[in-house]
Amino acid sequence: MASSERSALLTYRLCGGSGEEERGRERARGRAAAAAAPRKLPTFLGVVVPTLLSMFSVVLFLRLGFVVGHAGLYQALAMFAVAYFIIGMTVLSVCAIATNGALDAGGAYYMISRALGPEFGGSIGIMFFLANVCGSALYVLGLVEAVVDSFGIPPGQKAGTGVHVLPQSYWYELLYGTVLLALCLLVCLVGASIYAKATFLIFLIVAGVLGTILVSFFATRPIGVPIRLPYFNGSETENGSFTGFSLATLRDNLGGGYAVDYTTGQMMSFSSVFAVMFNGCTGIMAGSNMSGDLKRPSYSIPRGTISAVLFTYLVYNLLAFLMCATCNRTLLQKDYGFLRDISIFPPLVTVGIYAATLSAAMSNLIGASRILYALARDDLFGRALALAKKTSASGNPVMAVILSWLVVQLVLFSGKLNTIAGVVTTFFLLVYATVNLACLALEWASAPNFRPTFRYFTWHTCLLGIAGCCVMMFLISPVSASASLGFLLLLLLALHYLSPSSTWGYISQALIFHQVRKYLLMLDVRKDHVKFWRPQMLLMVQNPRGSARLIDFVNDLKKSGLYVLGHVELQDLDMLPSDPLQPQQDSWLSLVDKLNVKAFVSLTLAPSVRHGVRQLLFTSGLGGMRPNTLVLGFYDDTAPQDGLAQHPAFTSAREEVPLSFPPLRAPAAPKLLSAREYVGILADALKMLRNVLLARQLESLDKAWELRRAASPPPTIHVWPVNLLRPDSARYADTCSLFLLQMACVLNMARAWRRARLRLFLCVEAGAMPHAQEEKLRQLLKDLRIQAQIQLVPWDAVTRLHWQTRRGPPGGPAPTGPEDDEEEGAVNFPANTTQVSDEYVCAANKLILEQSPAPVVRFLYLPRPPADTSLYPLYLHQLELLTRGLGPTVLVHGVSAVTSTQL
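None of these values were measured; they are calculated from a predicted model.

So, about a positive patch on the surface. A surface patch of like charges, here positive, comprises R534, K559, K598, R751 and R754. Topologically, K559 is positioned in the loop between α22 (548–557) and β4 (563–570). The class of K559 is partly exposed, set by a relative accessible area of 37%.

Quick look at the sheet that holds β4 now. Across the sheet, ten strands lie side by side as β5-β4-β3-β6-β7-β12-β11-β8-β9-β10; this open sheet has mixed pairing. Looking at strand neighbours, the two that pair on one side only are β5 (600–606) and β10 (789–794), the edges of this open sheet. Strand after strand, the sheet turns through a mean of 25° between neighbouring axes, direction not considered. Contacts from helix α29 (residues 770–783) reach β9 (757–764) and β10 within the one sheet, and its direction differs from that of β9 by about 145°.

One finds F61, I87, F217 and Y432 to be the most contacted residues of the largest nonpolar core, which totals 160 residues. By residue number, the principal contributor to this core is helix α5 (residues 58–98), which donates 25 residues. Apart from the residues lying within four places of it in its own chain, the contact partners of F217 are F242, F245, L319, L322, M323, T326, L339 and I342.

Before going further, it helps to examine unusual backbone geometry. With omega at 0°, the peptide bond leading from S852 into P853 counts as cis. Relative to the elements of secondary structure, P853 occurs in the loop between α31 (838–849) and β11 (857–861). Backbone geometry places K559, a non-glycine residue, at a positive phi of 50°. Here the phi dihedral of L689 falls at roughly 60°; this positive angle occurs in a residue that is not glycine. One can find L689 in the loop between α26 (675–687) and β7 (691–696).

A word on the side chain of T305. Checked against the element boundaries, T305 lands in helix α13 (residues 297–326). Look at T305 and you get buried, because its relative accessible area is 1%. Side-chain polar atoms of T305 contact the backbone oxygen of I301, separated by 2.8 Å. Ignoring any residue separated from it by four or fewer positions in sequence, one finds T305 in contact with V47, V91, I284 and S300.

Once that is clear, we can look at the pattern of salt bridges. What the rule picks out here adds up to ten salt bridges. Between R545 and D642 there is a salt bridge whose closest N-O contact spans 3.6 Å. Here R545, found in the loop between β3 (537–540) and α22, pairs with D642, found in the loop between β6 (629–633) and α25 (648–651); they are 97 residues apart in sequence, far enough to count as distant. The exposure class assigned to D642 is partly exposed, which follows from its relative accessible area of 30%. Each of the salt bridges in this network shares a partner with another, and the network as a whole consists of D636, R696, E880 and R884.

On to helix α8 (residues 170–190). Helix length check: α8, at 21 residues, gives a terminal C-alpha distance of 30 Å against a target of 30 Å (1.5 Å per residue), a fit within 8%. E173, L174, Y176, G177, L180, L181, C184, L185, V187 and C188 are the residues of α8 that are buried.

Taken over all residues, the pLDDT of the chain has a mean of 81, while the share at 70 or more is 84%. Counting interchain partners and residues more than four positions distant, the pLDDT-below-50 stretch residues 653–657 has seven contacts. Under a pLDDT of 50 for its full length, residues 808–831 has, in the predicted model, 28 contacts with residues more than four places off or in other chains.

The next subject is the packing of aromatic side chains. In this structure the tally under the stated criterion is 23 aromatic pairs. Ring centres of F66 and Y336 lie 5.4 Å apart, and the angle between their planes is 85°; this geometry places the pair in the edge-to-face category. On the criterion of sequence distance, the pair formed by F66 in helix α5 and Y336 in the loop between α14 (329–334) and α15 (338–342) is long-range, its members being 270 residues apart. Taken as a pair, F66 and Y336 share a single burial class, namely buried. Residues Y635 and Y678 carry aromatic rings whose centres are separated by 5.3 Å and whose planes lie at 35° to one another, so their mutual orientation is tilted. On the criterion of sequence distance, the pair formed by Y635 in the loop between β6 and α25 and Y678 in helix α26 is long-range, its members being 43 residues apart. Accessibility assignment for this pair places Y635 and Y678 in one class, buried. Ring pairing ties together the aromatic residues F56, F80, Y84, F311, Y313 and Y316, which thus form one cluster.

All right, on to the environment of L254 then. The residue L254 is located in the loop between α10 (247–252) and α11 (270–278) in this model. Once the C-alpha coordinates of L254 and Y74 are considered, the two residues, 180 residues apart in sequence, prove to be 5.8 Å apart. Once residues within four sequence positions are removed from consideration, L254 is found in contact with G72, L73 and Y74.

What follows covers the packing of helix α4 (residues 43–55) against α13. It is at 9 Å that the axes of α4 and α13 come closest, and there the two elements cross at 35°. Crossing angle aside, the handedness with which α4 passes α13 is right-handed. Counting all contacts with α4, which are made through T43, V47, V48, T51, L52 and M55, the residues of α13 involved are Y299, S300, I301, G304, T305, A308, V309, F311, T312 and Y316. For the contact of α4 with α13, a count of residues per class yields ten nonpolar, six polar and no charged.

Taking burial as the measure, the six residues of β7 include six buried ones, the bulk of the element. Residue alternation in β7 divides its side chains into two sets, N691, L693 and A695 and V692, L694 and R696, and both sets are buried. Where β6 lies against β7, five bridges are found, and the strand directions are parallel. Bridging across to β7, V631 finds its partner in L693.

Cut-offs applied
- Residues numbered from 1 in each chain as written.
- Predicted model: local features only at pLDDT ≥ 70, side-chain atom pairs only at ≥ 80, totals over all residues.
- Heavy atoms only, no water.
- Patch = residues over 30% accessible without salt bridge, like charges linked within 9 Å, V, L, I, M, F, W, Y side chains within 5 Å.
- Areas by Shrake-Rupley, 256 points an atom, 1.4 Å probe, with all protein chains shown as cover.
- Salt bridge = Lys/Arg side-chain N within 4 Å of Asp/Glu carboxyl O.
- Lys, Arg positive; Asp, Glu negative; His and termini not counted.
- Charge placed at Lys NZ, Arg CZ, Asp CG, Glu CD.
- Helix = DSSP H or I, 4+ residues; strand = E, 2+ residues; numbered from the N terminus.
- Buried < 20%, exposed > 50% of the residue type's maximum accessible area, 1.4 Å probe, protein only.
- Pairing = 2+ DSSP bridges.
- Axes fitted to C-alpha atoms, helices over the stretch in contact; angles between N-to-C directions.
- Contact = heavy atoms within 4.5 Å.
- Core = buried A, V, L, I, M, F, W, Y, C linked by side-chain atoms within 4.5 Å.
- Polar contact = N/O pair within 3.5 Å; in protein donor to acceptor, adjacent residues only side chain to side chain.
- Expected span 1.5 Å × (residues − 1).
- pLDDT = per-residue confidence, 0-100.
- Phe/Tyr/Trp six-rings, centres within 6.5 Å; stacked < 30°, edge-to-face > 60°.
- Left-handed = near helix turned anticlockwise from the far one by under 90°.
- Nonpolar A, V, L, I, M, F, W, Y, C, P; charged D, E, K, R; others polar.

As structure tokens, this is what we get:
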């Protein structure tokens with residue numbers, strides 16, 4: 001008992017245990033070293049520093065002038081505002097999720113997968129992996145650009161001079177990028193701890209360079225900067241100017257001036273410049289990725305991430321203003337490394353560029369490898385990522401690092417930073433949109449366990465973040481956005497059908513519960529109308545092994561209504577240590593899945609089957625969705641047959657029937673209920689105004705063969721809407737007959753039964769104007785929109801046996817009693833049972849059998865049980881005689897109006 005009470009806390013990881021047992025030994029082994037390591041990083045070193053280094057880098061040193069030069073100050077400030085609005089909304093969502101319980105390694109992948117489930121988590125994990133891979137390639141290409149700019153042979157010259165000794169061409173630059181990426185790979189293979197120790201030193205260097213740049217804007221005198229640009233096979237030189245603070249320069253740079261990018265030869269626009277600029281805002285996840293090493297993740301992630309984002313926003317806006325006020329547009333557009341030219345100490349700027357870009361490249365490579373390792377460890381893609389699970393003795397996922405390095409190397413073939421900037425931005429925007437979606441889903445689900453300590457968010461901020469990300473994705477690159485969404489959809493479908501089930505919890509279930517509860521409250525039973533009536537079935541099942549085909553048949557009868565599988569366990573809870581129904585629940589739910597029926601399961605404990613059925617009739621369903629029809633198997637002496645093992649849903653599986661249902665009752669074993677109790681269940685259901693269906697020999701119905709066999713006459717459904725056990729009061733338009741017609745029509749409307757044809761049998765006597773009765777019945781079917789073939793059946797020979805038994809002439813007055821005057825819905829039922837002989841019932845049975853060809857299933861009128869309980873065995877005996885040898889038969893008694901001729 002104590003272990004079951006603690007299990008939920010262990011899963012939520014609030015106790016001292018790890019709570020990782022459910023993921024299996026394979027996944028837990030890789031976490032052993034990390035779990036043993038103490039959490040020691042404070043907010044500044046663990047969140048602020050990694051986030052700042054990720055958000056600065058290439059854009060700060062090499063592309064901020066590009067953004068301002070093409071877009072102008074006004075549009076550049078608008079770009080910053082839009083970008084930071086999007087990431088600001090996302091940061092709020094990240095902080096909310098990160099402070100709602102313990103956070104493990106994997107960053108956005110871990111957040112999304114544990115919030116939205118494995119389908120979204122796995123697909124977004126792949127997208128986040130690709131975003132980090134492309135981001136690493138982007139930073140490597142930015143570093144190559146900086147190296148070539150500093151040490152490359154100028155365009156038009158064949159030999160280098162001084163420090164300009166590196167050849168420039170596509171293949172040489174690819175070679176330089178490969179060498180730099182190999183350096184990143186070496187560091188990552190040795191271990192992330194080396195990079196972690198150097199992070200603070202790199203941050204000091206970047207901070208020093210940033211301070212130098214800010215001072216240079218004030219300390220450097222106006223100078224001219226010659227710019228050598230490639231031009232066909234040669235080069236040309238343009239002159240840029242650093243004017244110092246000048247009002248004229250500021251006026252010239254206020255508006256946009258989009259021109260051709262000298263590195264790619266493409267015309268720039270707002271969206272293309274924004275795509276490049278946004279890469280300077282994509283590092284907001286760096287702090288949350290460090291959650292496994294933080295002392296207090298729920299404290300550090302919100303404060304550290306928000307502080308870093310606000311700081312970078314101020315720096316970008318300040319630098320944009322300083323550049324517009326001091327540099328002419330030619331310098332900004334044509335020289336991406338102009339900050340070295342105007343710096344008071346140019347080598348320091350070069351060191352800062354190298355340190356920042358190399359740090360960002362390694363950070364993205366490490367992040368990509370960790371995401372790939374997390375995906376492999378969670379087994380979402382099976383054997384496809386099995387290789388990425390391998391780790392070194394210290395726990396470093398070396399194979400994930402190598403695989404990530406290979407993918408980055410492939411991306412380097414794109415050649416230019418600006419070429420892949422749009423793809424990187426699209427991937428990151430898609431990830432950010434999904435993080436907002438995860439937080440929005442958690443907020444809308446209103447789950448009691450969603451209690452983040454960070455409360456500065458609402459569903460409005462999540463929705464704004466999603467909208468902003470989606471709009472900017474399509475503004476930047478409609479093709480990339482469409483392709484990314486299509487790829488994401490394919491991954492979602494693949495994971496939905498192929499991935500194993502997880503124990504993370506599915507947000508879809510919480511959202512469905514929330515919506516279903518809301519709509520159930522709106523489903524008012526007082527507004528029910530017969531026009532919208534639908535069958536809502538409660539099928540009582542003793543043992544599913546002997547009822548597989550009956551379960552499938554009733555599934556066809558429900559017509560989009562409620563369907564409940566009920567089962568009564570004959571035990572006393574007072575005498576048991578715990579509820580015995582809980583272990584059985586999974587087997588019943590697995591049965592529903594295997595048989596592919598849309599049914600709920602309701603199990604109960606009771607001292608008798610009759611009491612159990614009463615409980616289920618009273619308690620099954622909720623609100624306006626409650627069973628209105630009880631379905632029972634027939635009570636006879638036929639030995640039950642195990643049809644579950646031969647069912648196609650199980651014979652196609654590799655294993656045998658995996659469900660823990662007991663074996664069927666032996667033929668000589670006593671039954672769980674008596675004939676009197678069985679009829680009592682029928683009487684109880686009718687007293688509770690529930691319709692009743694009795695199904696006999698439905699287990700012999702091979703629906704697939706009967707309905708698909710290539711026979712010239714189509715399969716038929718025989719309908720007998722007359723009370724054969726009471727021919728003296730037979731009517732075709734009473735409530736029960738109309739309900740019987742409705743059920744036959746509902747079955748015929750099911751997709752599997754549409755090929756079948758309804759045959760309605762009209763029992764007529766000589767001299768009773770049969771054609772008038774037929775026309776009246778045909779008009780009734782027309783009014784009810786039921787397509788059926790009417791067949792006249794003379795039954796004078798059968799009814800004669802009934803009148804002889806009652807000792808009255810055919811058509812003459814019958815003996816009357818007080819019971820005959822009772823209305824149909826009365827509690828005291830007519831005692832007609834004693835007035836029908838076995839000879840008459842056998843004759844009626846023979847009359848039914850003579851109608852050929854044999855149908856797939858028959859629907860017969862079920863009379864009410866007698867009021868005298870001592871007659872219950874006789875009543876059941878007559879039903880057995882009536883349906884003997886008929887094959888699949890359904891006896892129907894309806895108590896509610898279910899048909900309507902209104903529009």
